[in-house]
Amino acid sequence: MEIGSDINETIEKVIINSLRKKFQSYNPETSHMPFHYRLLGKDRMALFSFIQSLNTTFGTSIFEPVAETLAKLKHKQAKRRYVLGNKISKEAQKEIQNIINELTIGKNPDKKEEIERIRRVCQEGEIVKLKTTLVDFCVISYDDNIHLFDIKTAKPNIGEFKSYKRTLLEWLAIFFYENPEAKVNSYIAIPYNPYEPKPYERWTLKGMLDLENELMVAEEFWNFLGGEGAYEEVLNCFERAGIKLRPEIDEYFAKFK
């Protein structure tokens, strides 16, 4: 699917505006590093610090708004920071813990089965009120399937997989409490593959996540949002945005020399 020039321009503007906003709010760390400064220069150290800071906010400040713009091409609705709800049943919480326990001792994950297990108990037992839950990104397709995404860094910490899984299941339980018949799934989305051209090392996620139905990496994620070829189009948008911003970037970091 070819993205129109107007959408390309919109995506580029989102990237450029997000980066400019980051420049405006960015303050380099003030720690004194005399050896590094003399070896590499203060401007390069400031750039390195900026990149580190940008990495921590790339998902919310750039990936999410770009994904929202792209997904509106192909889907009925796309919304970042989606307000999910604030109620969950105690029986659903128990069922989620049962699922986690089973996976911990070696049961193969099966997201379709897990969804139905949570659906069956989504309104049973005492209802617990939670802090309002926000989902990173939500897509509603024209067939009314709802897709909830937790956007993660390219190399998630292996020790956090259990908490990721719990989050994905809790999102379902919270959504089903208000909409027990809904067609909904939840996913971990990883925007790019750091191992390319080798395949993403999915084995690190095996055991907790249903890799076919609960994980989208690089092309899978972007092409799901915008259609076949969307991933390459988005990369091209980033490249063009970077070329346009280069003079501003050079000027900004030149003041640290």
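Structure: above.
First, a word on what this report is: a plain description of the structure on this page. (Residues numbered from 1 in each chain as written. Predicted model: local features only at pLDDT ≥ 70, side-chain atom pairs only at ≥ 80, totals over all residues. Heavy atoms only, no water.)

### Remarks on helix α7 (residues 219-226)
With respect to burial, α7 is a largely interior element, six of its eight residues being buried. All of the buried residues along α7 are Phe221, Trp222, Asn223, Phe224, Leu225 and Gly226. Glycine 227 lies just past α7 and shows a positive phi near 100°. (Buried < 20%, exposed > 50% of the residue type's maximum accessible area, 1.4 Å probe, protein only. Helix = DSSP H or I, 4+ residues; strand = E, 2+ residues; numbered from the N terminus.)

### Remarks on the layout of surface pockets
Put simply, the largest pocket is a space of about 450 Å³. Along the walls of the largest pocket sit 21 residues, with Leu19, Leu47, Phe50, Ile51 and Ile249 positioned nearest its centre. For the lining of the largest pocket, the elements supplying multiple residues, two or more each, are α1 (5-25), α3 (42-71) and α8 (230-254). Counting residues per element, the lining of the largest pocket draws most heavily on α3, which supplies nine residues. Taken together, the residues of the lining of the largest pocket break down into 15 nonpolar, two polar and four charged. Approximately 330 Å³ is the volume found for the second largest pocket. Lining the second largest pocket are 18 residues, with Asn55, Phe58, Gly59, Lys152 and Thr153 positioned closest to its centre. Taken together, the residues that form the lining of the second largest pocket break down as seven nonpolar, six polar and five charged. (1 Å grid on protein atoms, 1.4 Å probe; cavity = no way out; pocket = protein on both sides within 12 Å on 5 of 7 lines; lining within 4 Å. Points joined across faces, edges and corners; volume = space filled by probe spheres on them. Nonpolar A, V, L, I, M, F, W, Y, C, P; charged D, E, K, R; others polar.)

### Re the pattern of salt bridges
Any two side chains of opposite charge can pair if their charged atoms end up close together. Inspection of every chain in the model, using the stated rule, returns 17 salt bridges. In this structure, glutamate 12 and lysine 244 form a salt bridge, with 2.7 Å as the shortest nitrogen-oxygen distance. In this pair, glutamate 12 sits in helix α1 while lysine 244 sits in helix α8, placing the two residues 232 residues apart along the sequence. Judged by its relative accessible area of 5%, glutamate 12 is buried. Owing to a relative accessible area of 51%, lysine 244 belongs among the exposed residues under this scheme. The closest approach of N and O atoms between arginine 119 and glutamate 116, which form a salt bridge, is 3.0 Å. In this pair, arginine 119 and glutamate 116 both sit in helix α5 (residues 111-121), three residues apart, roughly one turn of the helix. When salt bridges with common partners are traced through the structure, they connect Lys111, Glu114, Lys165 and Glu214 into a single cluster. (Salt bridge = Lys/Arg side-chain N within 4 Å of Asp/Glu carboxyl O.)

### A closer look at α5
Listed as buried for α5 are Lys111, Glu114, Ile115, Arg117, Ile118, Arg119 and Val121. Those residues of α5 hidden inside the fold are in contact with β1 (77-89), α4 (90-104), α6 (161-178) and β4 (183-190). (Contact = heavy atoms within 4.5 Å.)

### Let's talk about the sheet that holds strand β3 (residues 145-151)
As summarised here, the arrangement of the five strands in space is β1-β2-β3-β4-β5, forming an open sheet in which the pairing is mixed. The open sheet has two edge strands with one neighbour each: β1 and β5 (215-217). Strand-to-strand twist across the sheet, computed as the mean angle between neighbouring axes with direction ignored, equals 45°. Note that strand β2 (residues 127-140) and β3 share four bridges and pair antiparallel. The residue bridging valine 139 from the neighbouring strand is histidine 147, located in β3. Across the sheet, α3 touches β1, β2 and β3, and the angle it forms with β1 is around 105°. (Pairing = 2+ DSSP bridges. Axes fitted to C-alpha atoms, helices over the stretch in contact; angles between N-to-C directions.)

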